[in-house]
Structures are given as C-alpha cells and as structure tokens.
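# Survey of secondary and tertiary structure
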Amino acid sequence: MTARTQRTRFLAAGAVAASLTLGLTACGSSGSSTGSSAGASATVPAVSADPSLAALVPADVKSAGKIVVATDASYAPNEFKDDKGNIVGMDVDLATAIAKKLGLGVDVQNATFDSIIPGITGKKYTLSMSSFTDTKEREATVDMVTYFSAGTGAAVKKGNPEKIDPKDLCGKKVAVQTGTTQADSIKDTINPACVKAGKPTVPNDGDKFDLQTDVTQALVSGRDQIMLADSPVVDYAIKQTNGQLEKVGDVTDTAPYGVVLAKGSDLTKAVQGAVQSLMADGTYKSILEKWGVQAGAIDKSVVDGASS
C-alpha cells in the first residue's frame, strides 16, 4: 500500500534550506487552527452551505456547530504549519470546505499520526484528514470517505551518490514516518523478501520518526540513505530542500486517501456528499491546484473504497 497508514509532511512554503532545522522544530509543536488557507497565493472559491447535506448532519454535531478535525501537521503540502504557526495545506482547505458545505465551522487540531484513529474512536475528534490511506485493515475500525489518490515515492541525496535503487532496499538505511504504510511495507514486505533472498534486511524495519519533517532531515543530514513517503509529500520535500534531494524510481502502490470517521458514524454520509459536491462545483479542483497536487484528483468519492 501507499501513503500513510498515517502521515508525512515538510517545511512551510517559502522556507529556505538554511532554516531547515528551525523549521523542523516548529512543525513539531502543538496547536490548532480555524482552517485558514493562508500560505499559498492561489484563491479558492467561497463555499456555501448545502441545505440537503446540512440536513444529514447528526444533532450532536449540529448542536456543537463545528467539526473537530485531527491532523498531523508535519506532512506538507497536505498538512503543515506555515511560518506563523497556522495549520495549513490541502487537507485543511478541504476540511474547511466540507464543514462549510454542511453549515458548520471547523476546528483543526494538531496530533501525532498514530494517536489520531484512537482519538476518533474515543470521540476526541469528529473526523480526521491527515493523508490516511484507505485500507481494508483501517475500514475494520473506522469509516473512510475517499477524496484523493497517492502512491509511495522515494527520495535520495541529489545525484544519488550511493546509487540507491528503491527496488532493492535490502541492507539500506531507510527513513520513514512511524505508523505509515511505508513503515509497514518494510516490516511486512521488503524485509521478508530480503530474508528470502539471503540478503541483509533494512535495519530495525526502517529508521522511524514521529514526524515526516524529521524523516526528511534524516536524509538531508546523511543519517539515512533514502526516504519513503507519500508521493506528493516527497515532491514537496524536494522543492523545500532547495535541490538537496531528488526523486528516485517510480511512484508505486497507488491508493486512495480517506477522511476518517468513527465506524458507522451518522456523519459519514454527509461528509461523502460534501466531498462529491465540492468535486462537482469546482472547489475541489481549485484546492488541489492551489497546493500543486492536482495529479492526485479523483472524480468520485465513496465510503470504504479500499482494494486491499
């Protein structure tokens, strides 16, 4: 599978390589946002409430007047902190637009990736948009409303001085974010294949970090030889490191992202309807183009659309 079994991110737009370490530290702090989309120059059309979708919102959410959205704000351009500490990104803009379609406000809260699904099932958060890959395993625990398509990408130092081949990672130092599909693939697929071939495994099932920003830093610093992350995140990290990194190999394991809601939530149908409505009226396309991730656009949102 691709994408995060839960997340990835990098520096805020406009950051320079000299500020890399400071930027990584800032992204790790906690905070919340009202869903501001500041930080990118493109504009997104105003979104109005759809009465038919608003009527599907359960009474308790309607009474609260807002949805509380969890995201791991270290995975640019999908979700990250700008230079003012605001949580921004594609997922933040989409969550805000979904809330407006439903006649609600939005409270975006920063959380570590592997704490989000427990927070959803424990009713701490209404939903999450945090580059979660829709998988059969996750669908057993939560509802997933599809809204994007991403694959796994890989990056190495510029020029690939160690001649790393992403198709043969046996014995290589691989940086990944904790809890992601990339981390799982090392443990469940890559290392077993290395053992079968009589080759050394990826040490420790990968060099794992809680934040994607730290994954990127591990590669930039030379601690690790290659990093694996969601394809839009790899592309953005390459841009933000000002040529210190480059993509290697093809994007693999393409799969949908899903909005995460409690299993059987009465809000799931409303959210799926809101996503489809945003696709129909052009708002969805505008948001993806704003963040330069339109290559991952899909044309139909479904509930629990995983193939594996």
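Structural notes, computed from the coordinates. (Residues numbered from 1 in each chain as written. Predicted model: local features only at pLDDT ≥ 70, side-chain atom pairs only at ≥ 80, totals over all residues. Heavy atoms only, no water.)

## Considerations on the pattern of salt bridges
We apply this condition: For this document, the term salt bridge refers to a Lys or Arg side-chain nitrogen within 4 Å of an Asp or Glu carboxyl oxygen. Numbering of helices and strands starts at the N terminus; helices are DSSP runs of H or I of at least 4 residues and strands are runs of E of at least 2. With a 1.4 Å probe rolled over the protein chains alone, any residue whose accessible area is under 20% of its type maximum counts as buried; one over 50% counts as exposed, and the rest are partly exposed.
Enumeration according to the criterion identifies 9 salt bridges in this entry. Between Asp 281 and Lys 101 there is a salt bridge whose closest N-O contact spans 2.9 Å. Taken together, the residues span a long stretch of sequence, with Asp 281 in helix H10 (residues 268–281) and Lys 101 in helix H4 (residues 90–101) at a distance of 180 residues. Accessibility expressed as a relative area gives 39% for Asp 281, which makes it partly exposed. As a salt-bridge pair, Asp 304 and Lys 263 come within 3.2 Å of each other at their nearest N and O atoms. Residue Asp 304 is found in the segment after helix H11 (283–290), and its partner Lys 263 is found in the loop between strand E13 (252–262) and H10; the two are separated by 41 residues along the sequence. Sharing partners across several salt bridges, the network here consists of Asp 143, Lys 263 and Asp 304.

## Examining the pairing of strand E2 (residues 66–71)
Keep this limit in mind: One bridge is not enough; two strands pair if DSSP finds at least two bridges between them.
Summarising burial for E2: 5 of the 6 residues are buried, a large majority. Bridge count between E2 and strand E6 (residues 105–110): 6 bridges; the pairing is parallel. Paired with Thr 71 across the strands is Asn 110, a residue of E6. Both E2 and strand E7 (residues 127–128) contribute to a ladder of 2 bridges, which runs parallel. For Ala 70, the partnering residue across the bridge sits in E7 and is Ser 128.

## Some words on unusual backbone geometry
With an omega dihedral of 5°, the bond running from Ala 76 to Pro 77 counts as a cis peptide bond. With respect to the helices, strands and loops of the structure, Pro 77 is situated in the loop between strand E3 (74–75) and strand E4 (79–81).

## Focus: the packing of aromatic side chains
Spelled out, the test is: Aromatic rings from Phe, Tyr and Trp, with only the six-membered ring used for Trp, were paired whenever their centres fell within 6.5 Å, and each pair was classed as stacked if the ring planes differed by under 30 degrees, edge-to-face if by over 60, and tilted otherwise.
For the structure shown, the criterion picks out 5 aromatic pairs. Considering the side-chain rings of Tyr 147 and Tyr 257, the 6.0 Å spacing of their centres and the 50° angle between planes classify their relative orientation as tilted. Taken together, the positions of Tyr 147 in strand E8 (residues 142–157) and Tyr 257 in strand E13 put the pair 110 residues apart, joining distant regions of the chain. Judged on exposure class, the residue Tyr 147 and its partner Tyr 257 are both buried. Among the aromatic residues, those joined into a ring-pair cluster are Phe 80, Tyr 236 and Trp 291.

## Details of helix H8 (residues 212–220)
Among the 9 residues in H8, 7 count as buried, and that is most of the element. The set of residues buried in H8 consists of Gln 212, Thr 213, Val 215, Thr 216, Ala 218, Leu 219 and Val 220. Taken from the residues just after H8, Gly 222 is the one with a positive phi, measuring 90°.

## Examining the nonpolar core
Put simply, the rule reads: By nonpolar core we mean a set of buried residues, namely Ala, Val, Leu, Ile, Met, Phe, Trp, Tyr and Cys, connected to one another through side-chain atoms within 4.5 Å. Any two residues whose heavy atoms approach within 4.5 Å are treated as being in contact.
Counting 59 residues, the largest nonpolar core has Met 90, Leu 102 and Val 271 as its most contacted members. For this core, the element with the highest residue contribution is H4, accounting for 7 residues. In this structure, Leu 102 is in contact with Leu 53, Ala 54, Val 57, Leu 267, Ala 270, Val 271 and Ala 274, ignoring residues within four places of it in sequence.

## Description of the environment of Gln 182
Note on placement: Gln 182 falls in helix H7 (residues 181–196). Taking the C-alpha atoms as reference, Gln 182 lies 10.0 Å from Gly 151; in sequence the two are 31 residues apart.

## Describing the packing of H4 against H10
Worth spelling out the cut-off: A fitted line through C-alpha atoms serves as each axis, taken over the contacting stretch for helices, and the angle formed by two N-to-C directions is quoted from 0 to 180°. Orientation is classified from the angle alone, with under 35 degrees giving roughly parallel, over 145 giving roughly antiparallel, 65 to 115 giving roughly perpendicular, and any other angle giving oblique. Polar here means any residue other than Ala, Val, Leu, Ile, Met, Phe, Trp, Tyr, Cys and Pro, which are nonpolar, and Asp, Glu, Lys and Arg, which are charged; Gly is therefore polar.
The N-to-C vectors of H4 and H10 enclose an angle of 105°; their axes lie 9 Å apart at closest approach. Taken together, the axes of H4 and H10 lie roughly perpendicular to each other. Of the residues in H10, those in contact with Leu 94, Ala 97, Ile 98 and Lys 101 of H4 are Val 271, Ala 274, Val 275, Ser 277, Leu 278 and Asp 281. Grouping the amino acids of the contact of H4 with H10 by side-chain chemistry returns 7 nonpolar, 1 polar and 2 charged.

## Observations regarding H10
Here is the rule we go by: One less than the residue count of a helix, multiplied by 1.5 Å, gives the span that helix is expected to have.
Taking 1.5 Å of rise per residue, 14 residues should cover 20 Å, and H10 covers 20 Å from first to last C-alpha, within 8% of that figure. Regarding H10, the residues found buried are Thr 268, Ala 270, Val 271, Gly 273, Ala 274, Val 275, Ser 277, Leu 278 and Met 279. Its buried side turned inward, H10 meets helix H2 (51–54), H4, E7, E8, E13 and H11.

## Things to note about the environment of Ala 218
Note on placement: Ala 218 falls in helix H8. If sequence neighbours within four positions are ignored, Ala 218 has contacts with Ala 175, Phe 209, Arg 223 and Asp 224.

## Section: the sheet that holds E4
Two pairing modes exist for strands in a sheet, parallel and antiparallel, and in both the strands are linked by backbone hydrogen bonds. Pairing within the open sheet is antiparallel, and its 3 strands lie in the order E3-E4-E5. Each edge of the sheet is formed by a strand with only one pairing partner; in this case those strands are E3 and strand E5 (87–88).

## Overview of the side chain of Thr 146
Relative to the assigned elements, Thr 146 resides in strand E8. Among residues more than four places away in sequence, those in contact with Thr 146 are Asp 134, Pro 256, Tyr 257, Gly 258, Val 275, Ile 298, Lys 300, Ser 301, Val 302 and Gly 305.

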